[in-house]
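# Examining the three-dimensional arrangement
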Amino acid sequence: MKSARILAIETSCDETACAILENGRALLASIVASQMDIHARYGGVFPEVASRQHVLSIIPVVEQTLVQSNLSLQDMDAIAVTRGPGLAGSLVVGMNMAKGLALGIGLPLVGVNHLEGHIYSSWIYNAGESIPPEPQFPLMALLVSGGHTELNLVTDHLTYQRLGSTLDDAAGEAFDKVARLLGLSYPGGPSIQRAAESGDPARFKFPRAKLEGTYDFSFSGLKTAVLYEVNELKKKSTTLPVEDLAASFQSAVVDVLFKKTLQAARDYNTKEILVAGGVSANRALRQAFQSQKDFKVHIPPFSLCTDNAAMIAAAGYYRFALGHISQLDIDVQPTWRLS
Ligand code: KG4
Ligand code: ZN
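This text gives an overview of the structure that appears in the document. Small disclaimer: the values here were computed from a predicted structure and weren't measured. (Residues numbered from 1 in each chain as written. Chains lettered and ligands numbered in written order. Predicted model: local features only at pLDDT ≥ 70, side-chain atom pairs only at ≥ 80, totals over all residues. Heavy atoms only, no water.)

## Considering the coordination of the zinc ion (ligand 2)
- Within the protein, the zinc ion (ligand 2) binds to His114 (NE2), His118 (NE2) and Asp307 (OD); these donor distances fall in the range 2.0 to 2.1 Å.
- Each donor residue of the zinc ion (ligand 2) belongs to the same chain, and together they define the spacing H-x3-H-x188-D. With His118 in helix α4 (residues 114-120) and Asp307 in the loop between β11 (296-298) and α10 (310-321), the pair connects residues that are 189 residues apart, well separated along the chain. (Donors = N, O, S within 2.8 Å, 3.2 Å for Na, K, Ca; no water. Helix = DSSP H or I, 4+ residues; strand = E, 2+ residues; numbered from the N terminus.)

Set out below in structure tokens:
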């Protein structure tokens, strides 16, 4: 595929991010300005606050990325941007910035699906460091983030077949809600992981929704089971065994995600599995996939699991190289499906 340098912008939720990537894989620069501390006060992302914060951060973030790369806008071949899914008010900030850059410099614009970005995070390595093996098709992709949980069969570049998804909460959303129940801070994933480290995962037998015969997931029953358990425990004592509750909840989530993905990979005869999205930063989940020997597994480094623009640049590169150029009048698509 042709060589190209992509500057990408990501503002779908609460991170303002920009990155520059070469040929779909070599990362030259990446800046992520997180708004986490601001939203933590509200216990979750406050959409209006998020979009205002993107407006303040977007120009400095793009400037810092260029400084980090030692390159200028004229050295780019295309501008990629997250078009959706995400918060409308947040997406438009990145989209307008990207359109402005594309129009001002005369570069092609490439609109990217955020979930496609998460998948492509496994293609990325730091320029100058050793090159990891490129994922090979067909592969089974488990996407686990704050807004999505789905299994996709990926048969080629940019070619997805959604096999199943969550019927209610996304896995990350379940982590966030259960953390709140346990009095742990936002975002819930890292807080639960930390608490679980010193907890007993076998103390509470929380339900694992199997949804036999489908590749769908459900986490709302698990969340309710934790709520009932917490209410019962509160009747007996003033202190909650937060560590054991966190470890038992985490183990139920990991168990379901791991077993369903392996089953799907077997059923569709893929040799490789890819795990991506914010929840793929979870150590217990990574360990479950890395300790099996039947499939080659791709999980991005921690810095690329949660939202970033490097992944948008990677997906943007393959879109650009395969001729998927966007018109300058494209709009954001807050509920855009991958397939
Ligand atoms: O991909 P992401 O950054 O944003 C979305 O596209 O949604 O994912 C954010 C989600 C949050 O729900 C957060 O709690 C979860 O990823 N998360 C984790 C961990 N780190 C982030 N969940 C479990 N364990 C973690 N270590
Ligand atoms: Zn994401």
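## So, the sheet that holds strand β7 (residues 139-144)
- Strand order in this open sheet of five strands is β9-β8-β7-β10-β11, and the pairing throughout is mixed. On the outer flanks of this sheet lie β9 (159-165) and β11, each paired with one strand and no other. Direction aside, neighbouring strands of the sheet carry axes that sit 25° apart on average.
- With six bridges joining them, strand β8 (residues 149-156) and β9 adopt antiparallel strand pairing. Along β9, the bridge assignment pairs Glu150 with Ser165.
- This element, helix α8 (residues 242-267), spans β7, β8 and β10 (272-276) of the sheet and lies at about 155° to β7.
- Sitting on the sheet, helix α9 (residues 283-290) touches β7, β10 and β11, and the angle it makes with β10 is about 175°. (Pairing = 2+ DSSP bridges. Axes fitted to C-alpha atoms, helices over the stretch in contact; angles between N-to-C directions. Contact = heavy atoms within 4.5 Å.)

## Observations regarding the site of ligand 1
- The local shell around ligand 1 holds 20 residues, among which Gly146, Asp176, Gly189, Gly278 and Asn282 are the closest.
- Here His114 contributes a side-chain N or O atom positioned 3.2 Å from an oxygen atom of ligand 1.
- Measuring from an oxygen atom of ligand 1, one finds a backbone N or O atom of Gly172 at 3.1 Å.
- Those elements giving two or more residues to the shell around ligand 1 turn out to be α4, α5 (171-181) and α6 (188-196).
- Per-element tally for the shell around ligand 1: the top contributor is α6, with four residues. (Near = heavy atom within 4 Å. Polar contact = N/O pair within 3.5 Å; in protein donor to acceptor, adjacent residues only side chain to side chain.)

These values are about where atoms sit, not about what they do.
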